[in-house]
Amino acid sequence: MLRVVQWATGGVGKAAIQAVRSHPELELVGCYVHSEAKRGKDVGDLLGSEKLGVIATDDVEEILALSADAVVYAPLIPNSGEVERILRSGKNVVTPVGWFYPGERDAALARACLDGGVTLHGIGINPGGTTDVHPLVLSAMTSAVTFVRTEEFSDMRTYDAPDVLRWVMGFGGTPEQARESPMLGLLTGGFTQSARMCVDTLGFAEATMRTTHEIAVATAPIESPMGIIEPGQVAGQRFQWDAVVGDRPVVRIAVNWLMGEEHLAPAWEFGPEGERYEIEIKGDPDTFVVIRGWQPASIAEGLKRNPGIVATANHCVNSVPYVCAAAPGIKSAVDLPVVAGRAHPDLGPAGG
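Residues numbered from 1 in each chain as written. Predicted model: local features only at pLDDT ≥ 70, side-chain atom pairs only at ≥ 80, totals over all residues. Heavy atoms only, no water.

Before going further, it helps to spend a moment on the sheet that holds strand β7 (residues 208-218). Taken in spatial order, the seven strands of this open sheet run β12-β7-β10-β11-β6-β13-β14, and their pairing is mixed. A strand with exactly one partner marks an edge of an open sheet, and here the two such strands are β12 (264-265) and β14 (287-291). Here β7 pairs with strand β10 (residues 234-245) via ten bridges, running antiparallel. Of the residues in β10, the one forming a bridge with E214 is R238. Contacts between helix α9 (residues 183-202) and the sheet are confined to β6 (143-155), β7, β10 and β11 (248-258), with β11 contributing the most and set at about 145° to the helix. (Pairing = 2+ DSSP bridges. Helix = DSSP H or I, 4+ residues; strand = E, 2+ residues; numbered from the N terminus. Contact = heavy atoms within 4.5 Å. Axes fitted to C-alpha atoms, helices over the stretch in contact; angles between N-to-C directions.)

What follows covers the packing of aromatic side chains. Summed over all chains, the structure comprises six aromatic pairs. Plain terms: the ring middles of W7 and Y73 are 5.7 Å apart, the flat faces sit at 50° to each other, and that makes the pair tilted. With W7 in strand β1 (residues 2-7) and Y73 in strand β3 (residues 70-73), this residue pair connects regions lying 66 residues apart in the sequence. The exposure class assigned to W7 is buried, which follows from its relative accessible area of 0%. Judged by relative accessible area, Y73 falls into the buried class, the value being 0%. Among the aromatic side chains, those forming a connected cluster through ring pairs are F191, F239, W241 and W257. Positioned above the aromatic ring of F153 is the side chain of R276, whose terminal nitrogen or guanidinium carbon lies 3.8 Å from the ring centre. (Phe/Tyr/Trp six-rings, centres within 6.5 Å; stacked < 30°, edge-to-face > 60°. Buried < 20%, exposed > 50% of the residue type's maximum accessible area, 1.4 Å probe, protein only. Lys NZ or Arg CZ within 6 Å of the ring centre and 35° of its normal.)

The quantities given are spatial measurements derived from coordinates; they are silent on function.
See below:
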């Protein structure tokens, strides 16, 4: 049984705890929280479930001293210094907030992995899943690949994180504030890593990156998790990252995040297909895949438990056994075996 610590208990963190509990090879042994209000509480109380016998702490030293195999590191904003300390304490780290495809700037973290004899792995859903792992797996069915596109179409009214929506993502402010928000930098750091993974793995020539950011504003009041978005305030954003060889895009990653499909200028919409993820590969033959189920069927369902957040957490947790078995270092998805989920406890060997 692998001993796991959960670092941070936002939406992804809570879903990760539930995934650890369902995984037959994992045991939750610790939980780090940022909020003083959560300190000293049983993790089950934080989830609204039965008590789990694991007490949340905001003491980093206490977490570092724990005997554990892995940490699922899921804060809102990554801190490389924190991650270095976790790695040097001898704990593997799986995270959805960065390090999807390591580069030269990650040298200090790579040294920390070797010092601790452990592995760091970045994975998730977008980036870290639909933007790299899934198109690469599907590309096995195609030869002579010329273009790869992954794109998300999501209604952000189902994302119950008002502070993130307003202060990080820039919704509900002016277009100028959205353009100056930290979101573009945070997103670009992750999505360009996914694009580079696809470029390098598929064998394209060296590519340059182009980024675009478009904004739609409300034309009438729109209800959202952060309150009413008034006319003239940001109610939709599109980000696109192109890896370009010469003047030709070879890898494209895009997200379309709208506060619904009404009262927007420009009049953006999801189209008849609705919310979804798309993966497109041009080659011989072409491949086109639409993924559903990672967006909630209704706003109410999304505010209760957003399946995209759950999928992100599951991808992290399901990676833990593979990461713990890997050689020390920073490992991307192409460095590990294919990660798989596990059967429902009632249908596994112990419950079947």
